[in-house]
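Survey of secondary and tertiary structure
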Amino acid sequence: MNAVSVPETYSNETLYRDYFTPVYRFLFCRTRDYDVAIDLTQTAFLKFMSQKAQILDSEHAIKLLFVIARNTLIDYWRSAPVRLAESSSELDVKSGEST
C-alpha cells in the first residue's frame, strides 16, 4: 500500500496546495459537477481550518480532511430537495411573468 507522505508540521497554505486536488477529485467523482465540486472542496477546507487547533498529528489531519469532505458532500445531497423546490418555484414565477 502506498502511504501518503505527510510532514509533521505543515501550514494551511501547504496543506491546501498539496491536498486540494485529491479532495476536489474525491468530490467531483461523486457530483460530476465542476462548480459544485469546487464549492464543496472550499467549504471542506474552511471547516477543516476552523478545527485545525484540535488536530493531534499530521496523519490524523489528512484523514479528518477527507471525513469533513465526505460530510460536506452528504450535507449537499441532503439539501438537494430544498434546492430543487426552490428552483421549481423560481421557474413558476418566471413563467408566470412572461404570460
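It should be noted that the structure appears before, not after, this text.
Anyway, here's the lowdown on the structure attached to this text. Since this is a predicted model, take the numbers as computed values, not measurements.

Turning next to the overall build of the protein chain. Helix and strand counts for the protein chain stand at four helices and zero strands. Ordered by position from N to C terminus, the α and β elements of the protein chain give α-α-α-α. Relative to its full complement of 99 residues, the protein chain shows a buried share of 26%. In the protein chain, 60% of the contacts between residues at least 6 apart in sequence involve partners at least 24 apart. A total accessible area of about 7100 Å² is found for the protein chain, and carbon and sulfur atoms account for 55% of it.

Taken as a whole and judged by the stated rule, the model has two salt bridges. Residue arginine 17 is joined to aspartate 18 by a salt bridge in which the shortest nitrogen-to-oxygen separation is 3.5 Å. A residue is classified by how much of its surface remains accessible, and arginine 17, at 53% relative accessible area, is exposed. By relative accessible area, which is 38% here, aspartate 18 ends up partly exposed. Of the charged contacts in the structure, one is a salt bridge between aspartate 75 and lysine 47, with a shortest N-O distance of 3.7 Å. Of the two residues, aspartate 75 sits in helix H3 (residues 58–78) while lysine 47 sits in helix H2 (residues 34–51), which places them 28 residues apart along the sequence. Given a relative accessible area of 39%, aspartate 75 falls into the partly exposed group. Residue classification places lysine 47 among the partly exposed residues on the basis of a relative accessible area of 33%.

Cut-offs applied
Residues numbered from 1 in each chain as written. Predicted model: local features only at pLDDT ≥ 70, side-chain atom pairs only at ≥ 80, totals over all residues. Heavy atoms only, no water. Helix = DSSP H or I, 4+ residues; strand = E, 2+ residues; numbered from the N terminus. Buried < 20%, exposed > 50% of the residue type's maximum accessible area, 1.4 Å probe, protein only. Contact = heavy atoms within 4.5 Å. Areas by Shrake-Rupley, 256 points an atom, 1.4 Å probe, with all protein chains shown as cover. Salt bridge = Lys/Arg side-chain N within 4 Å of Asp/Glu carboxyl O.

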